[in-house]
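Residue-level listing of the chains:
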Amino acid sequence: HASPCIQPRVGLERAAELRGEFAMTHMPDLTTERLTVRPFRMDDVDAYFHVFDEGDAPGEQNAPPDWFEWATRNPDALGGLGQPPYGDRAVCLRESGELIGSAGFVPCLMPFEMLREFSPDHDPSAHVCSTPEFGLFYSFGPAYQRQGYATEAVRAMVDYAFGSLNLKRIIATTEADNDRSIRMMERLGMAVARNPSEEPPWMQIVGMLYNPKLHAS
C-alpha cells in the first residue's frame, strides 16, 4: 500500500487536474481607454524611478536593480506556483508606452477584526489576531497625478480581481490624513471604515469593496 506521505499515482493525476481547474493563472496585460497595465521589465528601471520624486517610489529603500529583479520575476514565480498575482505592475500610457506609475495586488496581514465591519460580534476587550486580506496598491509620479490615471488603472485591477479571480472582497488601507487615498476609495465605491485605534498607522482607514456578484439576483 502507499506510504501515508506518498500519494498514489491516480491521486497525483487528479491533483494535477484540480490544479488546472482552480489554480491562479498568470495575469494578462490589462488595457483601458488610456492605459496598459502590464508586468514590469528590467529595462523599465530607469524610466520608473525617473517619474517619481526621491523617496516616493516603491522599493526605493532597496537598491533599484535588486528590487526590480524581484518585481520582474515575481509574476512568473507566483503564477508557476498557482498563487494569486501579488506584486507591482507597470502602468503605461496606451498610445506611447510611457511608464507613469504602478499598481498591484498586495497580501495584507493586519488586525482587521479591530473594526466591526470585519467582526461585528467582536468583544473590544478580547485579543485581536491578524488576518489576511487581498489588498490594492498604486503609486503614480507627480506629473501624472490628478488626471484620473490612478482611478482608471485601479478599476481595471478591481474588475480583473472580481471577474477573473472571483475574489469575494478587496481592500485598501491608508493613514487618516491621506485625503487623496480616501477619495480614491470613495470613487471606487468602497465602504470606508475608520480604525478606532491609531495603531497601526497604515490601517487608520480601511476601504472595502465586495464582488458585485454577491448582490446579484
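Preceding block: the structure.
Within every chain, residues take consecutive numbers counted from 1 along the sequence as written. Two thresholds apply to this predicted model, a pLDDT of at least 70 for residue-level local features and 80 or more for giving and counting side-chain atom pairs, whereas whole-chain, interface and lining totals are computed over all residues. Heavy atoms throughout the structure, all of them, feed into the side-chain values; hydrogens and water do not.

**Brief notes about the packing of aromatic side chains**
Two aromatic rings, drawn from Phe, Tyr or Trp (for Trp, its six-membered ring), form a pair once their centres lie within 6.5 Å of each other, and the interplanar angle then sorts them: stacked below 30 degrees, edge-to-face above 60, tilted otherwise. This model, assessed by the stated rule, comprises five aromatic pairs. Measuring from ring centre to ring centre gives 5.3 Å for tyrosine 86 and phenylalanine 134, while their planes differ by 35°; the resulting arrangement is tilted. Here tyrosine 86, found in the loop between α3 (64-80) and β3 (87-93), pairs with phenylalanine 134, found in strand β5 (residues 131-140); they are 48 residues apart in sequence, far enough to count as distant. Assessed through its relative accessible area of 22%, tyrosine 86 is described here as partly exposed. Remark: exposure states derive from per-residue accessible area (1.4 Å probe, protein chains only) relative to the maximum for the residue type, with buried under 20%, exposed over 50%, and partly exposed in between. Taking the relative accessible area as the measure of exposure, phenylalanine 134 reaches 8% and is therefore buried. Note on conventions: DSSP H or I runs of at least 4 residues are helices, E runs of at least 2 residues are strands, and numbering of each starts at the N terminus.

**Some thoughts on the pattern of salt bridges**
Here, a salt bridge means any side-chain nitrogen of Lys or Arg that lies within 4 Å of a carboxyl oxygen of Asp or Glu. For the coordinates displayed, the defined rule picks out five salt bridges. We note a salt bridge from arginine 38 to aspartate 44, for which the minimum N-O separation is 2.9 Å. Assigned by exposure class, arginine 38 and aspartate 44 land together as buried. With a closest N to O distance of 2.5 Å, glutamate 133 and arginine 169 form a salt bridge. Residue glutamate 133 is located in strand β5, and its partner arginine 169 is located in strand β6 (residues 169-174); the two are separated by 36 residues in the primary sequence. For glutamate 133, a relative accessible area of 10% translates into the label buried.

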